[in-house]
Amino acid sequence: PFEVLVVGGGPAGSAAAIYSARKGIRTGVAAERFGGQVMDTLSIENFISVKETEGPKLARAMEEHVREYGVDIMNLQRASKLIPAAEQGGLHTVEFESGGKLQAKTVILATGARWREMNVPGEQEYRTKGVAYCPHCDGPLFKGKRVAVIGGGNSGVEAAIDLAGIVAEVTLIEFDTRLRADEVLQKKLNSLANVKVIKNALTTEVKGDGSKVTALVYKDRATEELHTIELEGIFVQIGLLPNSEWLKDTVALSNRGEIEIDARGATSVPGVFAAGDVTTVPYKQIIISMGDGAKASLSAFDHIIRNS
Ligand code: FAD
């Protein structure tokens, strides 16, 4: 059995694995796709000390760094069940869709998240060519341009406020007849001169010229009329879904399905820790996930020395 088994091979899982392995304890990483969301990222400009890099390049560097320590990497393994240890200090079991099983003294859950998509024509085609999901990451690429934000919840309104300071014009599109964001955010939004809000509207298409986004089409739900907005960027803010479905019956999850953790990365199950986008941590970013992975790993080590 492993002393630390990390499930997930994104920034959080990679950092957790390296911190464990450096303690000289037997560490494994099982991941459906090593690299995680970073593999889908074109340019990364906020990974401190690296002015600019590309997702696949960073993912490769993470994997090389993990391999440096003789960590067992089990790629293309999708976990389907966690069976917590029956008694304190016992072994936890993780089952995989392949039928395999792994046991470990401690488990670090780092299965990340995925952005909810609009599922409209053009969205996939223009992903990273104008269709974006992370304002903290991609906002500066649209400096002085026109963008839309899809979604009027807290993340959509926060994104619109954030982007209004960078881009020329922001159009926020909400499906419902009212915004769901906190009052204080809505007030701030309404005070901005370069933001327009369109409610009761359904985005139906992303248009482009083959290489980049040129417009967005929405349907006014009251009149059923279609409208076209010319723009350069579309930020989709309709939810980030944690990859925690397989944990529903074992660890405590928030009402959004995020794994609840304390300041040390501990979950509701002793010996099981979690880090990164799959948890309740506010702000989902590479650098934050890596920090949290390191933290969860140090907590797992502490748990091991106290329980053996
Ligand atoms: P993830 O990266 O999501 O990794 C999760 C890992 O778990 C993967 O290996 C996955 O295959 C695996 N996994 C999932 N389910 C299972 C399962 N059941 N069993 C086994 N393995 C599983 N952040 C920035 O800081 N800067 C940026 O510029 C930036 N740009 C972004 C651009 C895009 C298009 C996207 C989508 C995200 C961007 N982000 C950016 C956010 C950043 O990628 C995430 O915050 C970060 O990757 C989260 O790391 P993580 O390790 O928690 O999860």
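Residues numbered from 1 in each chain as written. Predicted model: local features only at pLDDT ≥ 70, side-chain atom pairs only at ≥ 80, totals over all residues.

With an unreviewed UniProt entry as reference, the protein chain is termed Alkyl hydroperoxide reductase subunit F, source organism Thiopseudomonas denitrificans. Within the UniProt record for the protein chain, the comment given under Function (unreviewed entry) is "Serves to protect the cell against DNA damage by alkyl hydroperoxides. It can use either NADH or NADPH as electron donor for direct reduction of redox dyes or of alkyl hydroperoxides when combined with the AhpC protein." Check the Subunit (unreviewed entry) section of the UniProt entry for the protein chain; it says "Homodimer." (UniProt positions renumbered as here; feature names shortened; annotations may be inferred.)

**Some details on the environment of Ile-83**
Its place among the elements puts Ile-83 in strand β6 (residues 79–83). When the C-alpha atoms of Ile-83 and Ala-15 are compared, they prove to be 24 Å apart, with 68 residues separating the residues in sequence. Other than its neighbours up to four places away in sequence, Ile-83 contacts His-92 and Thr-93. (Helix = DSSP H or I, 4+ residues; strand = E, 2+ residues; numbered from the N terminus. Contact = placed C-beta atoms within 7 Å.)

**A word on unusual backbone geometry**
Trans is the common state for peptide bonds, and a negative phi is the common state for residues other than glycine. Not every positive phi belongs to a glycine, and Ser-49 is a case in point at roughly 90°. Mapped onto the secondary structure, Ser-49 falls in the loop between β3 (43–44) and β4 (53–54). Positive phi, normally seen in glycine, also occurs at Asn-200, with a value near 55°.

**Observations concerning the site of the ligand**
As a structural note, the neighbourhood of the ligand is formed by 40 residues, with Gly-8, Gly-10, Gly-36, Gly-112 and Gly-276 the closest of them. At the level of elements, α1 (11–21), β2 (27–31), β9 (113–115) and α6 (286–306) are the ones that each hand at least two residues to the shell around the ligand. For the shell around the ligand, the class distribution of residues is 19 nonpolar, 15 polar and six charged. (Near = placed C-beta within 6 Å. Nonpolar A, V, L, I, M, F, W, Y, C, P; charged D, E, K, R; others polar.)

**Considering the packing of α1 against α6**
At a minimum axis distance of 7 Å, the contact between α1 and α6 shows a crossing angle of 35°. Read as a crossing pair, α1 and α6 show a hand that is right-handed. Side by side, α1 and α6 meet where Pro-11, Ala-12, Gly-13, Ser-14, Ala-15, Ala-16, Tyr-19 and Ser-20 of the first sit next to Ile-286, Ser-289, Met-290, Asp-292, Gly-293, Ala-294, Ala-296, Ser-297, Leu-298, Ala-300 and Phe-301 of the second. Within the contact of α1 with α6, the residues separate by chemical class into 12 nonpolar, six polar and one charged. (Axes fitted to C-alpha atoms, helices over the stretch in contact; angles between N-to-C directions. Left-handed = near helix turned anticlockwise from the far one by under 90°.)

**As for the environment of Ile-286**
When you line up the elements, Ile-286 lands in helix α6. In this view, Ile-286 contacts Pro-11, Val-38, Ile-44 and Phe-47; residues no more than four positions away in its chain are not counted.

**Brief notes about the packing of helix α4 (residues 154–164) against helix α5 (residues 183–190)**
As a packed pair, α4 and α5 sit with axes 10 Å apart at the nearest point and diverge in direction by 30°. Relative to α5, α4 is oriented roughly parallel. Along this stretch, α4 crosses α5, giving a crossing that reads as left-handed. Residues Asn-154, Val-157, Glu-158, Ala-160 and Ile-161 of α4 form the contact with α5, whose own contacting residues are Leu-185, Gln-186, Lys-188 and Leu-189. When grouped by side-chain class, the residues that make up the contact of α4 with α5 number five nonpolar, two polar and two charged. (Parallel < 35°, antiparallel > 145°, perpendicular 65-115°, else oblique.)

**Describing the pairing of strand β17 (residues 233–236)**
The alternating pattern of β17 places Gly-233 and Phe-235 on one face and Ile-234 and Val-236 on the opposite face, and all of these are buried. Inspection of the sheet shows strand β10 (residues 131–132) paired to β17 by two bridges, in the parallel sense. Its bridge partner being in β17, Ala-132 is matched across the sheet by Phe-235. By the bridge criterion, four bridges tie strand β11 (residues 146–150) to β17 in an arrangement that is parallel. Opposite Ile-150, over in β17, you have Val-236 as the bridge partner. (Buried ≥ 20, exposed ≤ 12 C-beta atoms within 10 Å, placed from the backbone. Pairing = 2+ DSSP bridges.)

**Observations regarding the nonpolar core**
Core analysis: the largest hydrophobic core is formed by 45 residues, its most contacted members being Leu-5, Ala-16, Ile-108, Leu-109, Ala-110 and Ala-274. The set of elements that each furnish at least two residues to this core consists of β1 (2–7), α1, β2, α2 (55–67), β6, β8 (101–109), β19 (272–274) and α6. One finds Tyr-126, Val-167, Leu-179 and Ala-181 within the second-largest nonpolar core, a separate group that totals 33 residues. (Core = buried A, V, L, I, M, F, W, Y, C linked by C-beta atoms within 7 Å.)

**Regarding the sheet that holds strand β16 (residues 226–230)**
In space, the three strands of this open sheet follow the order β14-β15-β16, with antiparallel pairing throughout. Edge positions in the sheet fall to β14 (201–208) and β16, since each has one partner strand and no second. Strand-to-strand, the axes of this sheet are offset by a mean angle of 25°, without reference to chain direction.

**Some words on the sheet that holds strand β12 (residues 169–173)**
Here five strands make up an open sheet; going across it, the order is β10-β17-β11-β12-β13 and the pairing parallel. A single partner strand is all that each edge strand has here, and the edge strands are β10 and β13 (195–198). Direction of pairing for β11 relative to β12: parallel, over a ladder of five bridges. Bridge pairing links Arg-146 to Glu-169 in β12.

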